[in-house]
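This is what each chain is made of:
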Amino acid sequence: MMGDDARRNGGGGEAETVESLRERLRRCETEIERGERYLDQKERVLAANARELKTLADDLRDAKAQLEIRTEEIERTNMRLREMDRMRLAFVAAAAHELRTPITSILAFGRLMQRQLAAQPPSNGARRPGSGSLRAELYEQISIVVQESERLARLVTDMLDLAKIESKRIEWRFAPVPPAQFIMLAVTAMASVLEAWDVSVEAEVPDDLPSVRGDRDRLIQVVTNLLSNAGKFSRSGSRIRIVARLAALAPHGISDGRDRGSMPFVLVSVHDSGRGIAPADLGRIFERFARIGPPEQGRTDGSGLGLAITKEIVEAHGGWIWVVSEVGKGSVFSFCLPVAEPESPAEDEGVV
């Protein structure tokens with residue numbers, strides 16, 4: 001009896017073990033099915049991603065092909081623009097050369113007629129030019145011809161200068177130049193013109209400023225252009241200040257030139273108390289033929305190329321130029337030029 005009971009108890013344990021294994025097997029099958037479903041889902045996601053990547057790759061290839069086509073078109077357009085710009089510069093230079101001779105002749109004959117009329121003794125009680133007589137009217141008309149011829153001559157010269165600079169055909173005669181030298185020569189050259197406009201000039205240029213490496217004649221042209229521009233828009237009886245000092249390009253901006261490791265420059269500023277420049281016009285002030293309004297009464301209008309030429313010259317010297325202005329209070333045009341490196345006595349002036 002006891003043996004039968006033991007067998008029965010043992011058989012029950014085996015049954016429980018088999019059932020437990022079956023339960024585990026079912027759970028494993030469930031997990032496997034779940035894993036398979038997860039893998040199927042991931043495969044579908046990967047397949048969708050692969051299709052999307054293929055679509056993106058195809059789009060990228062198309063975009064690359066379009067970009068290459070556009071790049072070729074832009075290159076061809078740039079080539080055409082460069083050729084057109086070369087032709088424009090050649091035309092401007094040729095036209096300016098062709099205009100120079102007749103303008104010079106007109107100017108010479110006009111001045112000769114002015115001198116002859118001024119020297120001819122009045123007849124029949126007529127007074128000298130300015131009396132309201134026929135001769136005076138003729139003198140006044142010839143003076144207008146001379147004045148306009150001078151303006152055209154300046155325009156032709158400016159056009160030639162700008163064409164040479166832009167086409168890289170200008171000869172730069174670089175040498176160490178003391179700032180006081182080219183600044184004061186420009187002030188002297190403009191003295192009579194400014195005096196006729198009733199505008200005075202005050203120069204603050206230390207003699208001990210270090211030399212800059214530049215073309216002296218072109219630097220004189222820069223200062224002359226800035227003084228002329230300031231004078232045209234300054235009221236009669238006003239004063240222009242031109243100030244030069246040592247400065248430096250430091251990490252925090254322009255300093256006094258004594259910062260260690262900074263790059264030394266000579267800073268030249270032309271201050272006027274004219275009408276000022278509107279903020280909307282500041283961005284185009286150095287563009288060719290830019291005009292910001294008529295000059296003061298009695299001042300000859302310029303060609304619109306002076307400041308553009310000035311900018312080109314300053315940048316060709318490794319410097320830069322800018323303007324700060326306030327409407328009704330005046331403007332300050334400033335430019336910086338690098339200080340010249342010390343040269344050995346054997347080195348001569350070079351032509352670039």
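Scroll up to find the structure.
Residues numbered from 1 in each chain as written. Predicted model: local features only at pLDDT ≥ 70, side-chain atom pairs only at ≥ 80, totals over all residues. Heavy atoms only, no water.

Caption draft 1: Local environment of the overall build of the chain. Within the chain, the regular secondary structure consists of six helices and nine strands. Here the chain holds 352 residues, and 32% of them are scored as buried. Put simply, 72% of the contacts in the chain that link residues at least 6 apart link residues at least 24 apart. Only carbon and sulfur atoms are counted for the fraction: they give 56% of the accessible area of the chain, which is about 22600 Å². (Helix = DSSP H or I, 4+ residues; strand = E, 2+ residues; numbered from the N terminus. Buried < 20%, exposed > 50% of the residue type's maximum accessible area, 1.4 Å probe, protein only. Contact = heavy atoms within 4.5 Å. Areas by Shrake-Rupley, 256 points an atom, 1.4 Å probe, with all protein chains shown as cover.)

Caption draft 2: Focus on the nonpolar core. Phe182, Ile183, Val223, Leu226, Phe333 and Phe335 are the most contacted members of the largest nonpolar core, which totals 49 residues. Discounting residues that sit within four places of it in the chain, Phe182 has contacts with Val177, Val212, Arg216, Leu219, Ile220, Val223 and Leu337. (Core = buried A, V, L, I, M, F, W, Y, C linked by side-chain atoms within 4.5 Å.)

Caption draft 3: Spotlight on the packing of helix H3 (residues 179-196) against helix H4 (residues 216-232). Close contact between H3 and H4 brings their axes to 8 Å; oriented N to C, the two are set at 40 degrees. Classified by the interaxial angle, the pair formed by H3 and H4 is oblique. Crossing geometry of H3 relative to H4 is assigned as right-handed. Across from Gln181, Phe182, Ile183, Leu185, Ala186, Val187, Met190 and Leu194 in H3, the residues of H4 making contact are Arg216, Leu219, Ile220, Val223, Thr224, Leu227, Ser228 and Gly231. For the contact of H3 with H4, a count of residues per class yields eleven nonpolar, four polar and one charged. (Axes fitted to C-alpha atoms, helices over the stretch in contact; angles between N-to-C directions. Parallel < 35°, antiparallel > 145°, perpendicular 65-115°, else oblique. Left-handed = near helix turned anticlockwise from the far one by under 90°. Nonpolar A, V, L, I, M, F, W, Y, C, P; charged D, E, K, R; others polar.)

Caption draft 4: Main features of the pairing of strand E7 (residues 320-326). A one-sided burial pattern is seen for E7, the buried positions being Ile321, Val323 and Ser325 and the unburied ones Trp320, Trp322, Val324 and Glu326. Two strands pair when backbone bridges link them, and E7 and strand E8 (residues 330-338) are joined in this way by seven bridges, in the antiparallel orientation. Across the sheet, Val323 pairs through a bridge with Phe333, a residue of E8. Counted along the chain from E7 to the antiparallel partner E8, the turn is three residues long, and its residue Gly328 has a positive phi close to 90 degrees. (Pairing = 2+ DSSP bridges.)

Caption draft 5: Summary view of the packing of helix H2 (residues 134-166) against helix H6 (residues 306-316). Contact geometry for H2 and H6: axes closest at 10 Å, N-to-C directions at 35 degrees. The crossing of H2 and H6 is left-handed. Along the contact surface, H2 presents Asp158, Asp161, Leu162 and Ile165, while H6 presents Ile309, Glu312 and Ile313. Considered class by class, the residues forming the contact of H2 with H6 number four nonpolar, no polar and three charged.

Caption draft 6: Quick look at the side chain of Ser238. Of note, Ser238 is situated in the loop between H4 and strand E4 (239-250). With a relative accessible area of 11%, Ser238 lands in the buried category. In this structure the side chain of Ser238 is engaged in a polar contact, spanning 2.5 Å, whose partner is the backbone oxygen of Arg235. When near neighbours in sequence (up to four residues on either side) are disregarded, Ser238 contacts Asp198, Val199, Ser200 and Ser273. (Polar contact = N/O pair within 3.5 Å; in protein donor to acceptor, adjacent residues only side chain to side chain.)

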